[in-house]
There are 2 protein chains.
Amino acid sequence: MSPASSAATIEEVAAAAGVSRSTVSRVVNGSPAVSPAAVAAVNDAIARLNYVPNRAARTLASRTTNAIALVVPEDPTRFFGDPFFATIVGGIYRRLAETPYVLNVFLASDDSGEKATAYLRGGNVDGALIVSHHARDGFVARIADAVPVVFAGRPTQPEIAQRAHYVDVDNVLGGRLGAGSLIDAGRTRIATIAGPADMPPGIDRLIGFEAALSDAGLEAAGIAVGDFSEASGAAAMRELLASGREIDAVFAANDLMARGAMSVLSETGRSVPADISVVGFDDSVIATQVTPRPTSVRQPSFEQGELMVEVLLGLIAEEAPERVTIVDPELVVRDSVAR
Amino acid sequence: MSPASSAATIEEVAAAAGVSRSTVSRVVNGSPAVSPAAVAAVNDAIARLNYVPNRAARTLASRTTNAIALVVPEDPTRFFGDPFFATIVGGIYRRLAETPYVLNVFLASDDSGEKATAYLRGGNVDGALIVSHHARDGFVARIADAVPVVFAGRPTQPEIAQRAHYVDVDNVLGGRLGAGSLIDAGRTRIATIAGPADMPPGIDRLIGFEAALSDAGLEAAGIAVGDFSEASGAAAMRELLASGREIDAVFAANDLMARGAMSVLSETGRSVPADISVVGFDDSVIATQVTPRPTSVRQPSFEQGELMVEVLLGLIAEEAPERVTIVDPELVVRDSVAR
DNA sequence: TTGTAAGCGTTATCAA
DNA sequence: TTGATAACGCTTACAA
């Protein structure tokens with residue numbers, strides 16, 4: 001109430017309630033072994049004094065922080081610009097809201113993770129969630145041997161992926177779904193704008209794409225590589241067009257690149273889907289902001305976020321949760337495929 | 001190094017270096033009053049033992065956390081979907097990267113801020129930055145009497161705004177700039193899609209808009225109100241068109257609404273800017289993703305974020321920084337105005 | 001059911 | 001320049 005009312009301590013609450021520190025602690029932590037009378041007195045004192053437990057003291061004494069870190073090795077522009085992050089973080093927050101845990105967010109691109117690493121190793125969180133498009137960053141390894149860690153997606157480095165806990169989308173299936181929808185629509189000259197070759201989603205979606213084509217007796221009408229940004233999608237589309245090969249469909253490894261591709265298509269006077277079908281990946285809000293609205297492979301990112309928290313909580317509780325959790329993508333059909 | 005190497009303590013470092021706890025503490029905190037020999041021995045021991053100071057202990061003893069909170073009373077979708085947040089948070093991170101502070105992010109819409117409030121009042125941060133489109137949320141008041149607080153934008157509630165520290169954009173000037181560009185282009189039947197009447201940016205931009213029109217001897221050709229979302233911009237545009245009044249220009253209080261308006265214009269066969277000029281606000285990435293690219297009033301949000309940190313650090317250091325900091329918007333001219 | 005007392009890992013005060 | 005020695009606010013055996 002009063003402007004600078006420095007928080008009351010447990011000691012003061014105990015005095016006000018006429019009990020000992022321990023009893024206050026028990027009440028605060030919901031121990032059943034307290035008499036109703038004591039509970040009432042303590043709660044009353046807590047309310048009167050506006051008491052909030054000091055977290056540092058609690059952490060120090062209990063060796064647990066009730067905080068988990070969300071580490072994102074990306075710069076803010078990237079982090080905020082990509083709807084994938086929005087959705088997965090939404091799932092993380094949702095699941096976390098049911099727990100006493102708070103989330104500490106680290107956008108760790110700038111300082112190469114030094115500050116984040118020191119923070120995590122300083123015993124400030126009980127665990128960490130790592131979300132990135134390129135988890136190649138070396139410092140994640142140092143985080144992982146300080147606290148339990150769960151990754152969004154299979155980590156890039158094999159030696160980490162083999163031991164790490166992660167929640168991944170079946171990207172190979174996703175690639176198959178994307179290509180499959182194009183094949184089913186009767187397209188035969190199908191190109192792809194793939195993600196980077198050093199990133200599992202990039203790799204896996206391409207594998208799925210090629211597998212689906214191969215199953216159908218087709219061959220890719222072109223493979224261009226982007227970096228998941230809109231500009232790279234546009235550049236890749238230009239490259240595909242410039243190759244001279246005939247193309248009647250494009251599968252882009254994410255919606256941002258699909259959008260870049262679609263603007264190039266539109267600029268060069270090609271109609272979607274009449275001339276060229278386009279399928280994206282992510283089913284992000286982007287997919288509803290473009291005309292025609294692109295068919296897209298939906299990743300259950302929200303669910304992925306929730307599951308990451310689930311696994312991490314299991315890890316923290318030492319319940320030995322499944323090391324690898326896979327969620328299935330699904331095709332969301334819109335207007336950019338059918339002839 | 002070893003998998004579960006529970007962090008070394010200052011005690012162990014002291015033993016390894018053959019000095020006392022105090023000396024280690026001095027070295028870690030950069031005190032000048034330590035002999036070079038001791039410094040060397042301690043640093044060596046720190047490196048060998050891989051020592052990282054325990055933050056909880058430090059916080060408890062020093063009564064300072066080296067952490068600040070970013071409180072955003074919005075749901076994740078909103079937070080991540082609006083480029084304004086991306087930019088301002090970018091500025092915040094940038095300025096913070098130069099300091100030892102870490103940032104704790106609270107997306108506090110879900111639990112009505114209970115968890116966030118308890119966290120902040122539990123002495124876990126040295127200060128808080130509050131960023132939102134609608135800072136009407138009552139709990140900010142409770143935060144403000146626990147730790148120093150800096151707001152992005154003038155708080156909605158007058159009794160808070162009168163005493164709070166904030167960094168605001170001159171929205172009245174922004175409204176003037178937007179309307180002015182339309183007037184300068186020779187438009188005379190200018191409508192506006194305003195922001196909510198209970199939010200300072202909504203109010204101020206409308207005031208600026210009307211002032212500019214009035215100065216030019218004009219009257220608004222229609223005022224529709226949106227909520228800063230794209231859908232609301234579209235609805236407002238339909239409303240304006242349905243009013244039957246002739247309109248040759250629209251000033252939207254943000255880019256998202258401008259985009260919504262532009263799609264309606266396009267759907268109804270109107271050409272921008274030939275038939276109707278459009279000016280947005282924010283100069284967000286959105287402004288470069290639409291065709292034609294809309295002229296927009298640029299808010300220096302990145303700078304605003306940096307300044308917020310600046311002011312908060314001043315507050316924490318008890319340097320009595322300026323209570324109100326105003327940054328000026330500027331017009332970014334693109335293709336959506338000129339006839 | 002309650003209280004006592006011993007930490008948790010730092011910083012900070014004071015002497016030396 | 002260094003080292004004891006109290007805090008810091010809480011949890012948690014252990015006793016009662």
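Residues numbered from 1 in each chain as written. Chains lettered and ligands numbered in written order. Predicted model: local features only at pLDDT ≥ 70, side-chain atom pairs only at ≥ 80, totals over all residues. Heavy atoms only, no water.

> Quick rundown of the interface of chain B and chain A? Include the residues and the values.
Contacts between the two partners involve 41 residues from chain B and, on the opposite side, 41 residues from chain A. Surface buried jointly by chain B and chain A totals about 3,500 Å² across both partners, of which 57% is contributed by carbon and sulfur atoms. Of all residues in chain B, F80(B), K115(B) and R121(B) give up the largest surface area on contact with chain A, accounting jointly for 19% of the area buried on that side. The interface formed by chain B and chain A includes 0 salt bridges. Elements represented by at least two residues in the side of chain B that touches chain A include exactly α4 (55-62), α5 (76-81), α6 (83-96), β2 (102-107) and α7 (114-121) of chain B. For the side of chain B that touches chain A, the per-class residue count stands at 25 nonpolar, 9 polar and 7 charged. (Contact = heavy atoms within 4.5 Å. Buried area = accessible area lost by both parts, 1.4 Å probe. Salt bridge = Lys/Arg side-chain N within 4 Å of Asp/Glu carboxyl O. Helix = DSSP H or I, 4+ residues; strand = E, 2+ residues; numbered from the N terminus. Nonpolar A, V, L, I, M, F, W, Y, C, P; charged D, E, K, R; others polar.)

> Let's hear about the pattern of salt bridges: which residues, and what values?
This structure, assessed with the given rule, holds 22 salt bridges over all chains. The residue R21(A) makes a salt bridge to E11(A) at a minimum N-O spacing of 2.8 Å. Within this pair, whereas R21(A) is found in helix α2 (residues 21-28), its partner E11(A) is found in helix α1 (residues 10-17), the two being separated by 10 residues in sequence. Here R259(B) and E230(B) are joined by a salt bridge, their closest N and O atoms 3.2 Å apart. Taken as a pair, R259(B) in helix α13 (residues 255-267) and E230(B) in helix α12 (residues 230-242) lie far apart in primary sequence, 29 residues in all. A residue is classified by how much of its surface remains accessible, and R259(B), at 11% relative accessible area, is buried. Salt bridges linked by common partners bring R95(A), E98(A) and E310(A) together as one network. (Buried < 20%, exposed > 50% of the residue type's maximum accessible area, 1.4 Å probe, protein only.)

> Could you give an account of the protein's contact with DNA strand C, with specific residues and numbers?
With respect to spatial proximity, 27 residues lie near DNA strand C, and among them S22(A), R26(A), S35(A), I10(B) and S25(B) are the closest. Considering DNA strand C, the proportion of its atoms within 4 Å of the protein that are sugar or phosphate atoms stands at 58%. Between a phosphate oxygen of DNA strand C and a main-chain N or O atom of S20(A), the distance comes to 3.0 Å. Class assignment for the residues of the surface near DNA strand C results in 12 nonpolar, 10 polar and 5 charged. (Near = heavy atom within 4 Å. Polar contact = N/O pair within 3.5 Å; in protein donor to acceptor, adjacent residues only side chain to side chain.)

> Tell me about the protein's contact with DNA strand D, and name the residues and values.
In the vicinity of DNA strand D there are 27 residues, among which I10(A), Y51(A), R58(A), R26(B) and S35(B) approach most closely. Taking all atoms of DNA strand D within 4 Å of the protein, the share assigned to sugar and phosphate is 56%. In this structure, a phosphate oxygen belonging to DNA strand D sits 2.6 Å away from a side-chain N or O atom of Y51(A). Backbone polar atom of S20(B) to a phosphate oxygen of DNA strand D: 3.0 Å apart, as the coordinates give it. Secondary structure elements with two or more residues in the surface near DNA strand D: α2 and α4 (55-62) of chain A together with α2 (21-28) and α4 of chain B. Residues that form the surface near DNA strand D fall into these classes: 11 nonpolar, 10 polar and 6 charged.

> Help me get a handle on helix α11 (residues 200-215) of chain A, residues and values and all.
Residue and element names in this part refer to chain A. Between the first and last C-alpha of α11 there are 22 Å, a value that for 16 residues agrees with the 22 Å anticipated at 1.5 Å per step. What α11 keeps buried is the set P200, P201, G202, D204, R205, G208, F209, A212 and L213. For α11, the secondary structure elements touched by its buried residues are α10 (171-184), β6 (190-194), β8 (249-252) and β9 (277-282). Positive phi shows up at G217, right after α11, with a value of about 75 degrees. (Expected span 1.5 Å × (residues − 1).)

> Please give an account of the domain arrangement of chain A that cites residues and values.
Residue and element names in this part refer to chain A. Each assigned domain of chain A is listed here: domain 1 (10-53), domain 2 (67-169 + 302-327) and domain 3 (171-298). When domain 2 packs against domain 3, the two sides together hide about 880 Å² of surface, and 52% of this comes from carbon and sulfur. Across the domain 2-domain 3 interface, the total number found is 1 salt bridge. Of the charged contacts, one joins D204 and R154 as a salt bridge, the two residues approaching to 2.5 Å between their closest N and O atoms. Residues that form the side of domain 2 that touches domain 3 fall into these classes: 3 nonpolar, 3 polar and 4 charged. (Domains from an automatic or database assignment.)

> Can you explain the pairing of β2(B)? Please cite residues and give values.
Note on strand geometry: in a regular strand, side chains alternate between the two faces of the sheet. Residue and element names in this part refer to chain B. Across the 6 residues that make up β2, a large majority, 6, are buried. Side chains V102, N104 and F106 project from β2 onto one buried face, and the interleaved L103, V105 and L107 project onto a second face that is buried too. Sheet topology note: the strand β1 (residues 67-72)/β2 ladder contains 6 bridges and is parallel. Residue pairing across strands places L70 opposite V105, the latter belonging to β2. (Pairing = 2+ DSSP bridges.)

> Before we move on, can you summarise the UniProt feature "domain: HTH lacI-type" (unreviewed entry) in chain A with the specific residues and values?
Per the UniProt record, "domain: HTH lacI-type" (unreviewed entry) is found at residues 8-62 of chain A. When the span residues 8-62 of chain A is considered, its composition is 69% helix and 0% strand, and the gap between its end C-alpha atoms is 20 Å. (UniProt positions renumbered as here; feature names shortened; annotations may be inferred.)

> Please give an account of the nonpolar core that cites residues and values.
Residues L70(A), L129(A), V131(A), L70(B), L129(B) and V131(B) are the most contacted members of the largest nonpolar core, which totals 56 residues. Sequence-distant contacts of L129(A), that is, excluding residues within four places in its chain, are made with I68(A), A69(A), L70(A), V71(A), I92(A), V150(A), M308(A), V309(A) and L312(A). One finds A67(A), F139(A), F151(A) and V149(B) within the second-largest nonpolar core, a separate group that totals 42 residues. (Core = buried A, V, L, I, M, F, W, Y, C linked by side-chain atoms within 4.5 Å.)

> How would you explain the sheet that holds β6(A) if you had to name every residue and give the values?
Residues and elements named next belong to chain A. Taken together, the 6 strands give an open sheet; going across it, the order is β7-β6-β8-β9-β10-β12, and neighbouring strands pair in mixed fashion. Two strands lie at the open edges of the sheet, namely β7 (223-225) and β12 (330-332), each paired on one side alone. Put simply, the sheet's adjacent strands are angled 20 degrees from each other on average, direction ignored. Where β9 lies against strand β10 (residues 295-298), 4 bridges are found, and the strand directions are parallel. (Axes fitted to C-alpha atoms, helices over the stretch in contact; angles between N-to-C directions.)

> Go over the environment of R245(B) with me, naming the residues and quoting the values.
Residues and elements named next belong to chain B. Along the chain, the position of R245 falls in the loop between α12 and β8 (249-252). Classification of R245 as partly exposed rests on a relative accessible area of 46%. Through-space distance from the C-alpha of R245 to that of S263 is 19 Å; in sequence the pair is 18 residues apart. Excluding residues within four positions of it along the chain, R245 makes contact with A220, A221 and G222. Looking at R245, its side chain comes within polar contact range of the main-chain oxygen of A220, at 3.1 Å.

> Lay out the relation of the copies chain B and chain A in plain terms, naming residues and giving numbers.
Mapping chain B onto chain A is achieved by rotating through 180 degrees and translating by 0.0 Å along the same axis, at an RMSD of 0.1 Å. Classification of the inter-copy transformation places it as that of a two-fold axis. The fraction of interface residues of chain B whose copies in chain A are also interface residues reaches 100%, indicating that both copies meet through the same surface. (Least-squares fit on C-alpha atoms with pLDDT ≥ 70 in both.)

> Which residues make up unusual backbone geometry, and what are the values?
Residue and element names in this part refer to chain A. Residues V272 and P273 are joined by a peptide bond in cis, for which omega reads 5 degrees. Within the fold, P273 resides in the loop between α13 (255-267) and β9. In this structure, D282 is a non-glycine residue whose phi angle is positive, near 125 degrees. A residue is classified by how much of its surface remains accessible, and D282, at 15% relative accessible area, is buried. Within the chain, E318 stands out as a residue other than glycine whose phi angle is a positive 55 degrees. You can see E318 is positioned in the loop between α15 (301-316) and β11 (324-327).

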